[in-house]
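Okay, here's what each chain looks like letter by letter:
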Amino acid sequence: MARNWVDVKNEIEMELDAIWYHEPIEVTLSKKGIFPGGAGKLHNNYFGNLFFQISELQGLGPYIIEPLFYQSLADDTFTVEHLKKMFIFTYYRKCKLLGDEDGEGCPAAWFNLPKAWKFYNHVVESFDSIDNKTDFKDLMWSWFAYLTRMYRWFHTVFPWEVCGQLMPCISSVADAEKIVELAKQADVVLHADI
């Protein structure tokens, strides 16, 4: 189904307005451990899902892919057609994993981000209406803003305090001696004749 890129941009911008100050339902469900797509059911734990949501969105958005696209947009050797292909090559598989509710062709349980998959498809469906880098960049700005906002929401609700409790710093000789004693015990167990 053909779409106009301006309509897709407006659709994404409406979602941005809705989630700028108010936690999205996708985030609320995730922080409560509700993953309708089945993610986390393998070991009955969703801690890794929350981490995955942060790391994937961080990479797909502000820290890896967004700068790559802006550099490519500024490079005269990249055409708008190259950029369209780059978008598909970069996002198809990841957005499917993040939010393909139907699961058709999805390699695993999806991660509570059906709008990422929907917006991805709408962006691709709008490519025929884009014939220059200026319009492509304008649409990408909204796409990246959505990914970044969702990343920041997941980063905000992640239970970082759990990491601190499970991985305390060694801050004294006594702490280090405890680790050495644990290593000695492990050595005995690993090298015992069984």
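Scope of this entry: the structure provided in the associated data block.

1. Let's talk about the overall build of the chain
- What the chain contains, in helices and strands, is nine helices and zero strands.
- Moving toward the C terminus, one meets the helices and strands of the chain in the order α-α-α-α-α-α-α-α-α.
- For the chain, whose C-alpha radius of gyration is 22 Å, the value lies well above the compact-globule estimate of 16 Å for 194 residues.
- Projected onto the principal axes, the alpha-carbon positions of the chain cover approximately 70 × 40 × 40 Å.

2. Focus on the pattern of salt bridges
- Applying the stated criterion across every chain, the model contains 10 salt bridges.
- Here Lys9 ties to Glu13 by a salt bridge, and the two come within 3.5 Å at their closest N and O atoms. With Lys9 and Glu13 both in helix α1 (residues 5-19), this residue pair falls four residues apart, about one helical turn.
- Between Glu15 and Lys115 there is a salt bridge, with the nearest N and O atoms lying 3.1 Å from each other. Within this pair, whereas Glu15 is found in helix α1, its partner Lys115 is found in helix α6 (residues 114-125), the two being separated by 100 residues in sequence.

3. Some thoughts on the packing of aromatic side chains
- In this structure the tally under the stated criterion is 21 aromatic pairs.
- By way of ring pairs, the aromatic residues Phe69, Tyr70, Phe87, Tyr91, Tyr92, Trp117, Tyr120, Phe127, Phe136, Trp143 and Phe144 are connected into one cluster.
- Positioned above the aromatic ring of Trp20, the side-chain terminus of Arg149 is 4.6 Å from the ring centre.

4. What about helix α4 (residues 65-74)?
- Buried residues of α4: Ile65, Glu66, Phe69, Ser72 and Leu73, and no others. Buried residues in α4, looked at end-on, bunch into an arc of 130°, giving them a common side. Relative to its buried face, α4 has exposed residues pointing more than 90 degrees away, namely Gln71 and Ala74.
- The elements touched by buried residues of α4 are α3 (47-63), α5 (80-99) and α7 (133-157).

5. What to know about the packing of α5 against α6
- Following both chains from N to C, one finds α5 and α6 inclined at 150°, their axes separated by 7 Å at the closest point. With respect to their mutual orientation, α5 and α6 come out roughly antiparallel. In this structure, α5 meets α6 at a crossing whose hand is left-handed. Touching Phe87, Ile88, Tyr91, Tyr92, Cys95, Lys96 and Gly99 of α5 are Pro114, Ala116, Trp117, Tyr120, Val123 and Val124, all from α6.

6. A look at the nonpolar core
- Counting 47 residues, the largest nonpolar core has Phe69, Phe87, Tyr91, Val123, Phe136, Trp143 and Tyr146 as the members making the most contacts within it.
- Tallying contributions element by element places α7 first for this core, with 13 residues.

7. Side note on the side chain of Ser126
- Note that Ser126 resides in the loop between α6 and α7.
- Not counting residues within four places of it along the chain, the set of residues in contact with Ser126 comprises Arg3, Asn4, Trp5, Val8 and Leu139.

8. A look at a nonpolar patch on the surface
- A cluster of nonpolar side chains, contributed by Ile88, Phe89 and Tyr92, occupies part of the molecular surface with about 320 Å² of accessible area.
- Looking at the element boundaries, Tyr92 is found in helix α5.
- The exposure class assigned to Tyr92 is partly exposed, which follows from its relative accessible area of 39%.

9. Examining the side chain of Asn112
- Looking at where Asn112 falls in the secondary structure, it is placed in the loop between α5 and α6.
- Reaching out from Asn112, the side chain makes a polar contact with the side chain of Ser30 at a distance of 3.1 Å.
- Within the local environment of Asn112, its side chain forms a polar contact with the backbone oxygen of Ile34, the two atoms lying 2.8 Å apart.
- Setting aside residues up to four positions removed in sequence, Asn112 forms contacts with Glu26, Leu29, Ser30, Ile34, Phe35, Pro36, Gln53 and Leu98.

The rules behind these values
- Residues numbered from 1 in each chain as written.
- Predicted model: local features only at pLDDT ≥ 70, side-chain atom pairs only at ≥ 80, totals over all residues.
- Heavy atoms only, no water.
- Helix = DSSP H or I, 4+ residues; strand = E, 2+ residues; numbered from the N terminus.
- Rg over C-alpha atoms; globule rule 2.2 N^0.38 Å.
- Salt bridge = Lys/Arg side-chain N within 4 Å of Asp/Glu carboxyl O.
- Phe/Tyr/Trp six-rings, centres within 6.5 Å; stacked < 30°, edge-to-face > 60°.
- Lys NZ or Arg CZ within 6 Å of the ring centre and 35° of its normal.
- Buried < 20%, exposed > 50% of the residue type's maximum accessible area, 1.4 Å probe, protein only.
- Arc of directions from axis to C-beta.
- Contact = heavy atoms within 4.5 Å.
- Axes fitted to C-alpha atoms, helices over the stretch in contact; angles between N-to-C directions.
- Parallel < 35°, antiparallel > 145°, perpendicular 65-115°, else oblique.
- Left-handed = near helix turned anticlockwise from the far one by under 90°.
- Core = buried A, V, L, I, M, F, W, Y, C linked by side-chain atoms within 4.5 Å.
- Patch = residues over 30% accessible without salt bridge, like charges linked within 9 Å, V, L, I, M, F, W, Y side chains within 5 Å.
- Areas by Shrake-Rupley, 256 points an atom, 1.4 Å probe, with all protein chains shown as cover.
- Polar contact = N/O pair within 3.5 Å; in protein donor to acceptor, adjacent residues only side chain to side chain.

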